[in-house]
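One-letter residues, chain by chain:
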Amino acid sequence: VADRRIAAFARGKPVTISLEGDPVRAYEGEPVAVALFASGVKVLSRSIKYHRPRTFFCLDGHCAACFMRIDGVPNVKGCRAPARDGTRCERQNALPSASFDLLGAADWLFPRGMDHHTLLARQPLLRPVLHKVVRELGGLGRLPDAPPAELPAVMRRHLEVLVVGGGPAGLSCAIAAARRGRKVLLVDENDQPGGSLFAEPGGSDRARQLTAQARAAGVELWSSATALAWFAEDEGGLLTVQTPTGLAKLSADRTVYATGTYDQNILCADNDRPGVVAARAVGRLLLRWGVRPGARIALVGPWSYADRLGPALEAQGIAVVRVPAAARIHGSTWVEWVELADGSRQDCDLCAACAPPLPASELARQHGAEVGGQDRAFAITVNDAGATSRPGVLACGDVTGPATPEVAATHGVQVGEQL
Amino acid sequence: VPKVIVCRCEDVTLRDIEHAIAKGNRDIEEIKRYTGFGTGPCQGKECVLAVANILAERTGESVPPFVSRPPIQPTALKYFARGHETRQDPPPPAPAAGKAR
């Protein structure tokens, strides 16, 4: 299979990873999900119930579609696992293999779905057998090869200002607050700050600029640091953050949630078919990782991000078709064409789901902030200074209402200048 | 076999959601408990809005998200196994009087 990588693109040093023992070319630091896609691997896993084939969807560490067994550890996100020489990847939930999974029969045996409330009821003779079948069908991965060698370190810190999320809003907010003399810690889950900018044309440069400005302003930056939860009961409230070296238990005079949004899928028949990926995942493939996502890409759905993604794809000679809404996704394993409501078809080799994104409101909500109803897409409610309904809890950027990265950055500055 | 997947983590289909509504469930927490949508490793990041929209269409009312529970990302148990700190930097202030909630 031809390599999908764009030749003129700065990468790490070439390494070799393996997929179920077969060597696969990769570049150091490239996520294994990207490396496998670039090498033509179409199926990364099988789904939990119907064993439908799956690949990555969001390529942003949120959707759990790319879980793999990596170096003997189950349920590792392939989009977050950096390729190193010798990284071992295996696909989960399949018998005998993800490419040909006998358990995929479940999809055909239950065309109308399984109702687990009644599935095993009134089946006295079959029940013992069915229990075994269900046990084999269900579950997510197998136990790790070995228990952890040692437990992660745990640290405790109190801060003046804690910013959660290092996208355009969080970085801009942290810079503005630090320039006013505030001591700021910014935690970000990605390997480098920038967030949604990495899905935008010119965004990688902007991310590097903002990161340099944050460092110069004295912002303490933690990368690969994933905020996990707000525990209200502990020590007056703690935000726990998983870091490369352990667990940090953080509290702050003021906590700013700049957590951005999650990519959403379109709703149509077979919308989980491999090759249907989030619009911003297509942007990340091309702009962050230098991989050609496809040769003819259907942008399906109403989200305005398509207006920025389309020209970026066309600049690489990729054909783009806009489809307002799909009725069904077709293809044997990978997407081959999109069926529209009127029955017409659009051929494509990739389908970018352009559904409006969902504000990542969970942490702010756990911390006591309120959201608008579903008519506001669950955005955090804030005043002009970014204050939520909870004292000491602020929010800025897309989590307060999805817009563009420029709007998010402006909002971040506005909130940071009042900290 | 064509299926509209609403919740990818738990393979919950549009048909499952409609079945749960037809069974009399009207609250997003009830639909979650009945179908298992939003209970997988992503904890609703890809499905809660879709289900809220479906439910709002059927009931004509604005729908809140279901309660978010910690942790919001799949986390190895080893991170919570130790419990106590191994390092404090700098020491935290005295806890605020009374419970946070």
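What counts, and at which threshold
- Residues numbered from 1 in each chain as written.
- Chains lettered and ligands numbered in written order.
- Predicted model: local features only at pLDDT ≥ 70, side-chain atom pairs only at ≥ 80, totals over all residues.
- Heavy atoms only, no water.
- Helix = DSSP H or I, 4+ residues; strand = E, 2+ residues; numbered from the N terminus.
- Buried < 20%, exposed > 50% of the residue type's maximum accessible area, 1.4 Å probe, protein only.
- Contact = heavy atoms within 4.5 Å.
- Lys, Arg positive; Asp, Glu negative; His and termini not counted.
- Charge placed at Lys NZ, Arg CZ, Asp CG, Glu CD.
- Areas by Shrake-Rupley, 256 points an atom, 1.4 Å probe, with all protein chains shown as cover.
- Buried area = accessible area lost by both parts, 1.4 Å probe.
- Salt bridge = Lys/Arg side-chain N within 4 Å of Asp/Glu carboxyl O.

J.: Would you mind going over the overall build of chain A with me for this structure?
T.: The helix and strand inventory of chain A stands at 9 helices and 23 strands. Referenced to the eigenvectors of the C-alpha coordinate spread, the extents of chain A come out at roughly 65 × 55 × 45 Å. Sorting the 419 residues of chain A into buried and exposed places 57% on the buried side. Once local pairs closer than 6 in sequence are excluded, the contacts in chain A between residues at least 24 apart make up 60%. If the 46 positive side-chain charges of chain A are averaged to one point and the 43 negative ones to another, these points end up 2 Å apart.

J.: When you look at the overall build of chain B in this model, what are you seeing that I'm missing?
T.: Across its full length, chain B carries 4 helices and 3 strands. The linear arrangement of helices and strands in chain B, starting from the amino end, is β-β-α-α-α-α-β. Per-residue burial for chain B yields a buried fraction of 47% across its 101 residues. Taking the intrachain contacts of chain B between residues at least 6 apart in sequence as the baseline, contacts between residues at least 24 apart amount to 52%. With the model as given, the accessible surface of chain B reaches about 5100 Å², and the carbon-plus-sulfur share is 53%.

J.: What should I look at first to understand helix H6 (residues 279-288) of chain A in this one?
T.: For the α-helix, the turn length of 3.6 residues means that residues three or four positions removed from each other point alike. Residues and elements named next belong to chain A. Counting buried positions along H6 gives 9 out of 10 residues, so the element sits mostly inside the fold. Residues of H6 that are buried: Ala279, Arg280, Ala281, Val282, Gly283, Arg284, Leu285, Leu286 and Arg288. Note on H6: the residue one or two positions beyond its end, glycine 290, has a positive phi of about 65 degrees.

J.: Whenever I open this one, the interface of chain A and chain B confuses me. Can you help?
T.: Accessible area lost upon the coming together of the parts is a frequently used measure of interface size. Of the residues lining the interface, 73 residues belong to chain A; the matching set on chain B comes to 63 residues. Note on chain A versus chain B: buried area summed over both sides is about 5900 Å², and carbon and sulfur give 57% of it. Here chain A and chain B share 3 salt bridges between them. Note that B:Asp11 and A:Arg54 form a salt bridge whose closest N and O atoms lie 2.7 Å from each other. Counting only elements with at least two residues in the side of chain A that touches chain B, the list comes to helix H2 (105-109), strand S8 (153-164), strand S11 (226-231), strand S12 (238-243), strand S13 (246-257), strand S14 (261-264) and helix H8 (362-366) of chain A.

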